[in-house]
Amino acid sequence: LKMSWFWLYLPLHLLTATCLCYSIKAPTTSSQQSFKTDLFNFYHSLILADGKETTIHLLKDIPKRYYFVVEEGRVLAPFSITVTPCDVPIEWSILVYKSPSAKATPGDPDTQEVSKSHKASGMVSTIFNYKGNSVETYMGMSSHSALYLLEFLSTERDTHITVYLTTDTTSGHLYPELPMDPRIDVIGIGHTTVTLTWKHSPSVLQHGESIQYCLLVNEKHNYKSLCAAETAIRSSGMKLPPTLALSLSPYLLEPQQVMILSNSELSIINKVSSGEVRQVCMGTKNTYTVPNLSPSTQYYFDVFIVNLLTNASAAYTGTFARTLEEPEPKVTELKDGKVVHVVLDGKKQKFYSLQYQARHKKIHFTFQLCQGQIQVHITRNGKTVASENLSGLRYFSLKGKLLDTYLVQLRSTEESNSSVKVQASPHFHKPLFPLLPESLKIKSFSKLRTCRSVTIAWLGTQEESKYCVYRKRIEEDQIWRELQGADRCSGPESRHKSEKVLCKYFYDLNLQRAVTTETIKGLEAGTLYLFDVYLFGPSGIPVRYHSKVVRTRKKC
């Protein structure tokens with residue numbers, strides 16, 4: 001059935017000639033046998049659509065053949081074939097079959113090629129072949145009726161390609177046009193950024209609304225076509241949206257993908273095993289600064305000009321660049337007994353470094369976490385001696401040698417800003433903070449709660465210290481901000497005078513009895529209050545207990 005359908009496409013004089021040739025009972029030479037094989041190949045081929053991009057799947061070591069016909073009656077009929085490998089290198093070739101009665105046109109390249117094999121049959125010859133993974137286009141001109149066969153072969157593994165055939169070269173191009181110089185220029189390199197520019201495509205001037213530039217950034221290598229890039233990303237175990245119809249049309253992202261839309265630019269970030277792959281579509285801008293790169297890392301950049309109406313694309317010549325090495329972090333010197341207040345930017349996630357040179361064998365580091373969450377890492381002469389996430393107040397007592405160099409590195413573990421107070425001193429130095437109880441929690445007694453009063457309790461120490469109590473009326477929607485966002489290092493000086501309830505001194509040598517209570521009166525019924533207790537030591541620097549929120553009774 002396929003063979004009879006095939007013959008319907010052959011002009012009559014081609015059909016007659018082919019039948020006569022094929023009716024030879026036995027070849028007398030190897031070239032005649034080759035010719036007969038070529039004809040057999042024609043019979044077992046599929047027709048290639050004209051004016052449409054065709055996706056062809058190839059199995060390893062199994063050739064696939066397609067044919068097309070240049071019709072009789074057309075004078076110097078032009079045609080072009082563009083083949084885009086989407087993965088590994090492939091081999092492909094074009095064979096032509098011409099009728100012996102067809103008259104040669106002087107200067108016709110196809111006719112000149114055919115004449116070379118005229119000794120055997122005068123009708124079948126290979127006019128083009130290619131091996132590689134680049135996008136390749138063959139442009140031909142046929143002056144008479146001819147039958148063309150395209151043969152494709154992958155010898156490495158199963159793959160797929162796209163093929164575009166057109167016999168109408170006057171009505172425009174499926175693929176966007178590249179400029180005469182299709183290179184991408186690197187015009188700026190920073191620690192975390194690379195700035196690129198490229199020459200405008202002629203298609204942008206002609207079809208601006210339906211054309212846009214899309215940039216692919218990865219750490220592996222450049223890609224010669226968009227479908228090659230998409231295939232590589234899929235092979236890493238993830239799905240991609242349909243071609244770079246990243247045309248701002250909605251689609252579902254995979255769990256490994258992050259979409260960022262800002263300033264009319266669409267960015268897709270794919271997390272793959274070989275690093276991060278980014279796709280950014282920026283409209284018709286031909287200069288772009290790639291942000292948020294890693295320092296001292298080599299990146300590969302590919303720009304594709306994409307027709308959003310047809311999904312067809314063309315690739316600029318890719319480039320690569322290495323970001324600058326990260327500068328040595330600025331180191332702040334710690335001095336004996338001096339308190340340093342450090343604010344850390346959560347967005348940058350960088351370490352803040354403090355250095356201390358020991359003048360005694362025993363060193364005492366004190367950290368008071370003020371806001372957020374912070375990781376601390378301490379090294380002595382380059383070797384790690386402590387590393388943990390801070391919570392509240394933390395002491396590190398370390399023993400070493402005279403003139404040991406300690407490096408303290410701090411980093412926020414949250415995206416919001418964090419802050420901490422740090423002190424380094426000899427072990428016998430007057431302590432920065434007061435002696436602390438076992439717990440800094442404030443307890444309230446539900447049974448002692450009334451419409452006008454609340455009773456709270458907190459632990460003390462064996463050292464006589466000053467305690468100050470503060471209250472603040474708050475609303476329901478303020479609870480999280482007051483409890484989580486408060487600066488735990490701030491003292492009573494940050495509070496309004498009207499919020500102060502009282503200050504008192506107490507201690508007990510028996511820690512089991514070092515507890516004090518206080519009843520706060522003059523409150524309003526059914527109202528939320530925030531209670532704080534500040535503990536003052538010999539240095540005068542306060543330690544704030546964990547805030548407590550209590551609501552008075554509505555009815556009594």
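The protein chain appears in an unreviewed UniProt entry as Protein NDNF from Oxylabes madagascariensis. Regarding the protein chain, the UniProt comment filed under Subcellular location (unreviewed entry) reads as follows: "Secreted".

> Please provide a residue-by-residue account of the packing of aromatic side chains, values included.
Ring pairs (aromatic) are described by centroid distance and by the angle formed between their planes. Inspection of every chain in the model, using the stated rule, returns 18 aromatic pairs. With 6.2 Å between their ring centres and 70 degrees between their planes, tyrosine 213 and tyrosine 316 make a pair best called edge-to-face. Of this pair, tyrosine 213 sits in strand β12 (residues 211-218) while tyrosine 316 sits in the loop between β18 (313-315) and β19 (319-322), and the two are 103 residues apart along the sequence. This pair shows no difference in class: tyrosine 213 is buried, exactly as tyrosine 316 is. The ring of phenylalanine 396 carries the charged tip of arginine 394 above its face, separated from the ring centre by 4.3 Å.

> I'd like to hear about the state of the cysteines, residue by residue, with values.
In the structure shown here, the tally under the stated rule is five disulfides. Here cysteine 86 pairs with cysteine 227 through a disulfide, and the sulfurs are 2.0 Å apart. Between cysteine 86 and cysteine 227, the S-S torsion sits near -95 degrees, and that sign places the bridge as left-handed. With cysteine 86 in the loop between β4 (77-85) and β5 (90-98) and cysteine 227 in helix α6 (residues 226-235), this pair connects stretches of sequence that are 141 residues apart. Exposure remark for cysteine 227: the relative accessible area of 16% places this residue in the buried category. Here cysteine 451 engages in a disulfide with cysteine 556; their sulfurs sit 1.9 Å apart. Here the disulfide of cysteine 451 and cysteine 556 is right-handed, its torsion about the S-S bond being about 120 degrees. Within this pair, whereas cysteine 451 is found in the loop between β29 (443-444) and β30 (454-459), its partner cysteine 556 is found in the segment after β36 (548-551), the two being separated by 105 residues in sequence.

> Tell me about the sheet that holds strand β3 (residues 64-70), and please be specific about residues and values.
The five strands lie next to each other as β1-β3-β8-β5-β6, forming an open sheet whose pairing is mixed. Of all strands in the sheet, those bounded by a partner on one side alone are β1 (46-47) and β6 (124-132). By the bridge criterion, eight bridges tie β5 to β6 in an arrangement that is antiparallel. Residue pairing for β6: tryptophan 92 is matched across the bridge by tyrosine 130.

> Please set out the nonpolar core residue by residue, giving values where relevant.
Counting residues in each nonpolar core, the largest one holds 25 residues, and the members touching the most others are Ile81, Trp92, Ile94, Tyr148, Phe152 and Val163. Listing elements by their share of this core, those giving two or more residues are β2 (52-58), β3, β4, β5, β6, β8 (146-153) and β9 (159-166). Excluding anything up to four places from it in sequence, valine 163 contacts Leu48, Lys52, Glu53, Thr54, Ile56, Ile81, Thr82, Val83, Leu150 and Phe152. In this structure, Leu344, Ala386, Val422 and Ala424 belong to the second largest nonpolar core, which totals 24 residues.

> Give a description of the environment of serine 453 that names residues and reports values.
Along the chain, serine 453 falls in the loop between β29 and β30. Judged by its relative accessible area of 11%, serine 453 is buried. For the pair serine 453 and threonine 552, spaced 99 residues apart in sequence, the C-alpha separation works out to 6.9 Å. At 2.7 Å, the side chain of serine 453 and the side chain of threonine 450 are in polar contact.

> Please provide a residue-by-residue account of the pattern of salt bridges, values included.
Counting across every chain of the model gives 14 salt bridges. The partner of aspartate 87 in a salt bridge is arginine 157, with the nearest N and O atoms 3.0 Å apart. In this pair, aspartate 87 sits in the loop between β4 and β5 while arginine 157 sits in the loop between β8 and β9, placing the two residues 70 residues apart along the sequence. The exposure class of aspartate 87 is partly exposed, given its relative accessible area of 25%. Using a relative accessible area of 42% as the deciding quantity, one classes arginine 157 as partly exposed. Through salt bridges with shared partners, a single network forms among Arg495, Glu499, Asp532 and Arg544.

> A description of the sheet that holds strand β24 (residues 374-380) should follow, citing residues and the corresponding values.
The strand order across the open sheet formed by five strands is β20-β22-β27-β24-β25, and the pairing between neighbours is mixed. Unpaired on one side and paired on the other, β20 (331-333) and β25 (383-389) mark the two borders of the sheet. Between one strand axis and the next, the sheet turns by 20 degrees as a mean value, whatever way the strands run. In this sheet, strand β27 (residues 405-412) lies alongside strand β22 (residues 352-357) in antiparallel orientation, the contact comprising six bridges. Counted as the bridge partner of leucine 354 is valine 408 from β27.

> Tell me about unusual backbone geometry, and name the residues and values.
For aspartate 61, which is not glycine, the phi dihedral falls at a positive 65 degrees. You can see aspartate 61 is positioned in the loop between β2 and β3. The backbone of serine 296 sits at a positive phi, close to 50 degrees, despite the residue not being glycine. With respect to the helices, strands and loops of the structure, serine 296 is situated in the loop between β16 (287-290) and β17 (298-307).

> Please set out the pairing of β9 residue by residue, giving values where relevant.
Of all eight residues in β9, seven are buried; the element is thus mostly enclosed. Two strands pair when backbone bridges link them, and β2 and β9 are joined in this way by seven bridges, in the antiparallel orientation. Following the sheet pairing, threonine 54 is matched in β9 by valine 163. Alignment of β4 against β9, held across six bridges, turns out to be antiparallel.

> Any chance you could break down the pairing of strand β31 (residues 465-473) for me, citing the residues and the numbers?
Each regular strand carries side chains that alternate between the two faces of the sheet. As paired elements, β31 and strand β32 (residues 500-506) share six bridges and run antiparallel to each other. Within β32, the position partnered with cysteine 468 by the bridge is cysteine 503. Relative to strand β34 (residues 528-536), β31 runs antiparallel, the two being bridged by eight bridges. Bridged to tyrosine 467 within β34 is leucine 535.

> Requested: an account of the environment of leucine 149, with residues and values cited.
Assignment of secondary structure puts leucine 149 in strand β8. Overall, leucine 149 belongs to the buried group, its relative accessible area being 1%. Between the C-alpha atoms of leucine 149 and tyrosine 97, which are 52 residues apart in sequence, the distance is 8.1 Å.

What counts and what doesn't
Residues numbered from 1 in each chain as written. Predicted model: local features only at pLDDT ≥ 70, side-chain atom pairs only at ≥ 80, totals over all residues. Heavy atoms only, no water. UniProt positions renumbered as here; feature names shortened; annotations may be inferred. Phe/Tyr/Trp six-rings, centres within 6.5 Å; stacked < 30°, edge-to-face > 60°. Helix = DSSP H or I, 4+ residues; strand = E, 2+ residues; numbered from the N terminus. Buried < 20%, exposed > 50% of the residue type's maximum accessible area, 1.4 Å probe, protein only. Lys NZ or Arg CZ within 6 Å of the ring centre and 35° of its normal. Disulfide = S-S within 2.5 Å. Pairing = 2+ DSSP bridges. Core = buried A, V, L, I, M, F, W, Y, C linked by side-chain atoms within 4.5 Å. Contact = heavy atoms within 4.5 Å. Polar contact = N/O pair within 3.5 Å; in protein donor to acceptor, adjacent residues only side chain to side chain. Salt bridge = Lys/Arg side-chain N within 4 Å of Asp/Glu carboxyl O. Axes fitted to C-alpha atoms, helices over the stretch in contact; angles between N-to-C directions.

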